[in-house]
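# Per-entry structural report
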Amino acid sequence: MPMGHVVSRAGTLMASTDTLRATITGRGGHAAMPHDCLDPLPIACEIVTALQTYVARQVAVTDPAVLSITKLNAGSAHNVIPSTVEMLGTMRTLSERTREQVRAAFIRMVEGIAAAHGAVGTPTIEEGYPVTVNDERATDLMKACATAIGGEGAYQVMPPMMGAEDFSYVLQKLPGAMAFIGAAPKGVIRVRIPAAQYEDDDR
């Protein structure tokens, strides 16, 4: 971002974040005899696919969510079917309503899909930061200050982003606002925040 520019918005600025964990417990054994086992790996893969489908088809695009399973941990050898799979991921939402909806879906799908295959799914959700919500009056004051110091165009409005921030706890207790402040000098290549309309010629 250009030096001296301030980028923010009134209302929801950043997402909530929760850590998702699950253990899928089946029955291990020799990979040459899968019929004598209950392989938890394809069950875990089915859960990942179902979660992606859920977000794409049942979460409103106007109140979005991101659910990413980022780690599957299982097995110790090429010829052994493991008895368990550990899943790890993250969930981001822009409202508490969607947060509760997706949390419930995660628990339901982990438990239900595993049970449908005769396995046991054990989900765990570690609550992270809440949604970061800027107070409108505080944001207007920030805009006025940025414009007074940097001139017209120094303040830009950005869309909400799915990153999360612990400053959200402060904004739950006191009216305030958070912003991103540019620090890139002229001539430096930089990444533009989506939808922020910078008008300087050296971007």
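For the structure itself, look to the data block above.
Residues numbered from 1 in each chain as written. Predicted model: local features only at pLDDT ≥ 70, side-chain atom pairs only at ≥ 80, totals over all residues. Heavy atoms only, no water.

Here the focus is the packing of aromatic side chains. Counted under the stated rule, the structure contains one aromatic pair. Ring centres of Tyr-129 and Tyr-169 lie 5.8 Å apart, and the angle between their planes is 90°; this geometry places the pair in the edge-to-face category. Pair noted here: Tyr-129 is in the loop between β8 (120-127) and β9 (132-134) and Tyr-169 is in helix α4 (residues 168-173), with a separation of 40 residues, a long-range link. The partly exposed category is assigned to Tyr-169, whose relative accessible area is 40%. (Phe/Tyr/Trp six-rings, centres within 6.5 Å; stacked < 30°, edge-to-face > 60°. Helix = DSSP H or I, 4+ residues; strand = E, 2+ residues; numbered from the N terminus. Buried < 20%, exposed > 50% of the residue type's maximum accessible area, 1.4 Å probe, protein only.)

All right, on to the sheet that holds strand β10 (residues 155-157) then. Reading across the sheet, the three strands line up as β10-β1-β11 and stay open at both edges, with mixed pairing between neighbours. Edge positions in the sheet fall to β10 and β11 (180-181), since each has one partner strand and no second. In terms of strand pairing, strand β1 (residues 6-8) meets β10 through three bridges, oriented parallel. Within β10, the residue paired with Ser-8 across the bridge is Val-157. (Pairing = 2+ DSSP bridges.)

This brings us to the side chain of Thr-93. You can see Thr-93 is positioned in strand β7 (residues 84-93). In this structure the side chain of Thr-93 is engaged in a polar contact, spanning 2.8 Å, whose partner is the side chain of Ser-16. Within the structure, the side chain of Thr-93 is placed 3.1 Å from the backbone oxygen of Ser-95, a separation counted as a polar contact. In contact with Thr-93, other than residues within four places in its own chain, are Ala-15, Ser-16, Pro-64, Ala-65, Thr-98, Arg-99, Val-131 and Met-162. (Polar contact = N/O pair within 3.5 Å; in protein donor to acceptor, adjacent residues only side chain to side chain. Contact = heavy atoms within 4.5 Å.)

Bear in mind that shape data such as this cannot, by itself, settle questions of function.
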